[in-house]
Amino acid sequence: MSERNQDGYQTLGWIINQSENGLFLVIAEEPIQQEIVEVYRGGMIGVYDYRRTPGAFSFIDLKAWVDEQENVRTFFIVNFQFAIPGQQDIDRLNFSRDMLTGLGRNLVFFTTPYGDDRLAKGAYDFYSFLKIRITFHEYMADGRKDSAILSLDTEAKEQEAGQQEAALEETDGQREALKEAQKEERKEEDIKHRLQEAYALRKQAEEYSDEADDRESLGLLLKARSIYEEVLGIEHLETTSVYYDLANTYRNMYAYRLAEELCSKALDIRRKILGENHPDIAACYNALSQIYKGQGKYREAEELCQKAILICEAVLGKEHPMTTEYRNNLAVIYDEQGKYAEAGKIKEQVLNIVIKVLGEKHINTAASYGNLAYAYLEQGKYEDAEKLLKKALAIREEILDENHPDVARSYNALATLYEEQQKYTEAEELYRRSIAIYNKAPEKNDTGIADAYNNLAGLYMKQGKYAEAEELYKTAVLVYENLLGEKHPYTATAYSNLAYLYENWDEYGKAEELYRKAFLIAREMLGENHPRAMGIYYNLASLYDRQHEYEKAKEIYKQALPIAEKVLGTNHNLTCAIRNRLEKLCDSRENGS
């Protein structure tokens with residue numbers, strides 16, 4: 001085998017002997033692909049050749065072939081460039097990425113450099129799931145490509161070349177050159193190992209992120225960033241990927257300034273290298289949009305999210321998963337501003353695409369039903385919302401385990417709808433079902449149970465069952481404190497909910513203490529301009545109002561109104577409530593009452 005390709009063969013050997021599962025990509029011209037197959041054919045591998053078995057990529061066909069070979073762990077899918085002749089085929093590949101990974105085998109896709117270019121441009125989702133990308137070089141002889149597989153006399157030619165090399169090394173200068181070359185090889189080997197270490201750190205950080213352990217994830221990503229910046233430099237595309245991951249982690253931790261700084265940095269570098277119309281640019285716009293949304297900067301969030309959508313539609317198509325994800329994000333931005341009609345239109349479009357692409361019985365379809373149901377609920381379209389929530393529940397019960405958290409979430413959502421319709425008996429039953437499922441989980445690490453406790457407590461409050469509500473609100477506070485810590489927006493909301501109970505229970509001292517605690521946390525984590533912080537501040541003003549401490553209440557209303565008008569708009573429910581109460585207080589003062 002060629003010296004230039006030894007690293008590639010070593011990597012394939014590691015995949016076959018050490019790797020348990022994953023997606024891998026080999027870039028090689030057809031003759032080299034054939035050579036590799038011949039080298040490994042005697043081992044425990046399966047080979048599927050799209051030149052010998054022509055046809056477009058089909059996950060169902062590939063899965064059937066893999067399932068037939070129960071004892072084989074590694075599969076070579078050769079001449080894959082013939083399986084993706086059109087954009088529809090690439091789209092199918094993108095949509096199949098999770099299912100391919102789910103097969104639990106080593107799938108090594110072989111394609112030519114031209115095929116790799118097509119994958120890089122169109123198969124963005126598939127690319128993102130690749131564990132390793134290996135390049136095999138063509139052989140060169142007298143400046144011409146050697147298109148044949150190594151001939152039988154290769155060994156003799158290599159021996160002759162070795163003798164010639166030994167003769168040349170007799171001079172001191174050439175020996176020194178050889179040392180320098182070996183030094184460079186060691187340096188390249190060290191760089192390769194360091195980059196492999198950085199990649200491993202990023203994958204480990206991803207696992208912690210999936211488990212909502214952002215602090216562990218942050219530490220690993222900071223180590224990876226140091227390696228990438230030292231080895232590749234700050235303006236390398238791989239380095240920008242770490243900046244992007246760090247930005248999302250900081251956003252999850254509500255460190256918005258750092259998140260915005262790193263995401264903007266990644267965007268600037270990527271734009272220089274990739275231009276404007278690239279999925280990575282769209283990803284940065286979307287991430288920045290989420291950062292601004294988290295701070296209540298909805299105008300900026302909406303503008304950036306729309307930019308991301310336009311790029312994805314132009315480059316990936318309207319039915320691509322990234323495009324539908326970003327459209328759904330735009331709908332959530334509208335939701336948070338109370339623009340439920342606009343949000344509903346987008347969610348309807350997303351649902352139609354998801355059903356078309358993934359089918360009716362899919363987890364993402366269930367999620368889309370739930371998202372649209374929320375928009376209908378907020379518009380008072382209860383019958384439509386109920387139909388969709390029941391569809392989502394039926395899909396989840398059929399596909400998932402009956403004790404899966406997503407099933408519990410469906411019960412919780414349906415219970416919220418019944419509560420809104422004052423069907424309290426049905427709502428209580430479903431809230432309790434939801435809580436029962438969460439309690440059966442072996443690891444108590446899902447905040448969904450706290451949401452259910454909060455909702456059931458709110459239901460009891462409406463029925464005047466304050467003692468039962470207090471117990472549930474306190475339980476929810478403990479869950480949030482244990483899982484998220486005291487300084488977290490969700491914990492602040494739990495404090496505010498408990499304060500609201502005490503306010504209605506005429507325990508004003510306890511209520512004020514908790515409202516102030518909640519507001520300070522929300523202001524620190526989100527900023528005082530965030531709707532969540534404003535909502536808690538409004539509750540505190542209402543408490544003062546209720547106690548006839550009108551000057552304190554009016555001062556808060558005065559501070560909150562311009563912020564609410566700027567962030568939420570003049571017609572938002574919270575803005576109108578603040579304005580109306582402030583006007584009444586001012587009128588009563590003028591009239592001397």
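Anything mentioned here points back to the structure above.
None of these values were measured; they are calculated from a predicted model.

### Some points on the sheet that holds strand β2 (residues 45-49)
Okay, so step 1: The 5 strands lie next to each other as β2-β3-β4-β1-β5, forming an open sheet whose pairing is parallel. A strand with exactly one partner marks an edge of an open sheet, and here the two such strands are β2 and β5 (130-135). Strand-to-strand twist in this sheet, taken as the mean axis angle between neighbours without regard to direction, amounts to 20°.
Okay, so step 2: Where strand β3 (residues 74-78) meets strand β4 (residues 106-111), 4 bridges bridge the pair, whose relative direction is parallel. Paired with Phe 75 across the two strands is Leu 107, which belongs to β4.
Okay, so step 3: Helix α3 (residues 59-67) contacts β2, β3 and β4 of the sheet and is inclined by roughly 140° relative to β3.

### A word on the pattern of salt bridges
Okay, so step 1: Evaluation of the coordinates by the stated rule reveals 38 salt bridges.
Okay, so step 2: For Arg 92, the salt bridge goes to Asp 89, with nearest N and O atoms at 2.5 Å. Here Asp 89 and Arg 92 lie together in helix α4 (residues 87-95), a separation of 3 residues that amounts to about one turn.
Okay, so step 3: What makes Arg 92 partly exposed here is its relative accessible area of 34%.
Okay, so step 4: Among the ionic pairs, Glu 238 bridges to Arg 202, the shortest N-O distance being 3.5 Å. With Glu 238 in helix α11 (residues 237-252) and Arg 202 in helix α9 (residues 172-210), this residue pair connects regions lying 36 residues apart in the sequence.
Okay, so step 5: Judged by relative accessible area, Glu 238 falls into the partly exposed class, the value being 36%.
Okay, so step 6: Overall, the relative accessible area of 17% leaves Arg 202 in the buried class.

### Here we look at helix α17 (residues 363-378)
Okay, so step 1: Taking 1.5 Å per residue as the helical rise, α17 with its 16 residues ought to reach 22 Å, and the 23 Å between its terminal C-alpha atoms agrees with that figure.
Okay, so step 2: The complete set of buried residues in α17 reads Thr 365, Ala 366, Ser 368, Tyr 369, Leu 372, Ala 373, Ala 375, Tyr 376 and Leu 377.
Okay, so step 3: Elements that come into contact with the buried residues of α17 comprise α16 (340-358), α18 (382-399) and α19 (405-420).

### Focus on the state of the cysteines
Okay, so step 1: In the structure shown here, the tally under the stated rule is 0 disulfides.
Okay, so step 2: Looking at Cys 263, it has no disulfide partner, and the nearest cysteine sulfur is the one in Cys 284, 4.7 Å off.
Okay, so step 3: Accessibility expressed as a relative area gives 0% for Cys 263, which makes it buried.
Okay, so step 4: Of the cysteine sulfurs around Cys 305, a residue in no disulfide, the closest is that of Cys 312, at 9.5 Å.

### Some words on the packing of α18 against α19
Angle between the axes and distance between the axes: these two values describe a pair of packed helices.
Okay, so step 1: Where α18 contacts α19, the axes come no closer than 9 Å and their chain directions differ by 165°. One finds that α18 runs roughly antiparallel with respect to α19. In terms of crossing hand, the pair formed by α18 and α19 is left-handed. For the pair α18 and α19, the contacting residues are Tyr 382, Ala 385, Glu 386, Leu 389, Lys 390, Ala 392, Leu 393, Arg 396 and Glu 397 in the first and Asp 406, Val 407, Ser 410, Tyr 411, Ala 413, Leu 414, Leu 417, Tyr 418 and Glu 420 in the second.
Okay, so step 2: Residues belonging to the contact of α18 with α19 are distributed by class as follows: 11 nonpolar, 1 polar and 6 charged.

### So, α18
One full turn of an α-helix is made of 3.6 residues, so residues set three or four places apart face in the same direction.
Okay, so step 1: Given a rise of 1.5 Å per residue, 18 residues ought to cover 26 Å, and the 26 Å separating the end C-alpha atoms of α18 matches this to within 8%.
Okay, so step 2: On the buried face of α18, the contacting elements are α17 and α19.

### Points about the nonpolar core
Okay, so step 1: With 131 residues, the main nonpolar core has Tyr 326, Tyr 557 and Ile 578 as its most contacted residues.
Okay, so step 2: Excluding its chain neighbours within four sequence positions, the residues that come into contact with Tyr 326 are Ala 282, Ala 283, Asn 286, Cys 305, Ala 308, Ile 309 and Cys 312.
Okay, so step 3: By size, the runner-up hydrophobic cluster in this structure holds 26 residues, among which are Leu 23, Ile 27, Ile 77 and Leu 130.

Definitions and limits used
- Residues numbered from 1 in each chain as written.
- Predicted model: local features only at pLDDT ≥ 70, side-chain atom pairs only at ≥ 80, totals over all residues.
- Heavy atoms only, no water.
- Pairing = 2+ DSSP bridges.
- Helix = DSSP H or I, 4+ residues; strand = E, 2+ residues; numbered from the N terminus.
- Axes fitted to C-alpha atoms, helices over the stretch in contact; angles between N-to-C directions.
- Contact = heavy atoms within 4.5 Å.
- Salt bridge = Lys/Arg side-chain N within 4 Å of Asp/Glu carboxyl O.
- Buried < 20%, exposed > 50% of the residue type's maximum accessible area, 1.4 Å probe, protein only.
- Expected span 1.5 Å × (residues − 1).
- Disulfide = S-S within 2.5 Å.
- Parallel < 35°, antiparallel > 145°, perpendicular 65-115°, else oblique.
- Left-handed = near helix turned anticlockwise from the far one by under 90°.
- Nonpolar A, V, L, I, M, F, W, Y, C, P; charged D, E, K, R; others polar.
- Core = buried A, V, L, I, M, F, W, Y, C linked by side-chain atoms within 4.5 Å.

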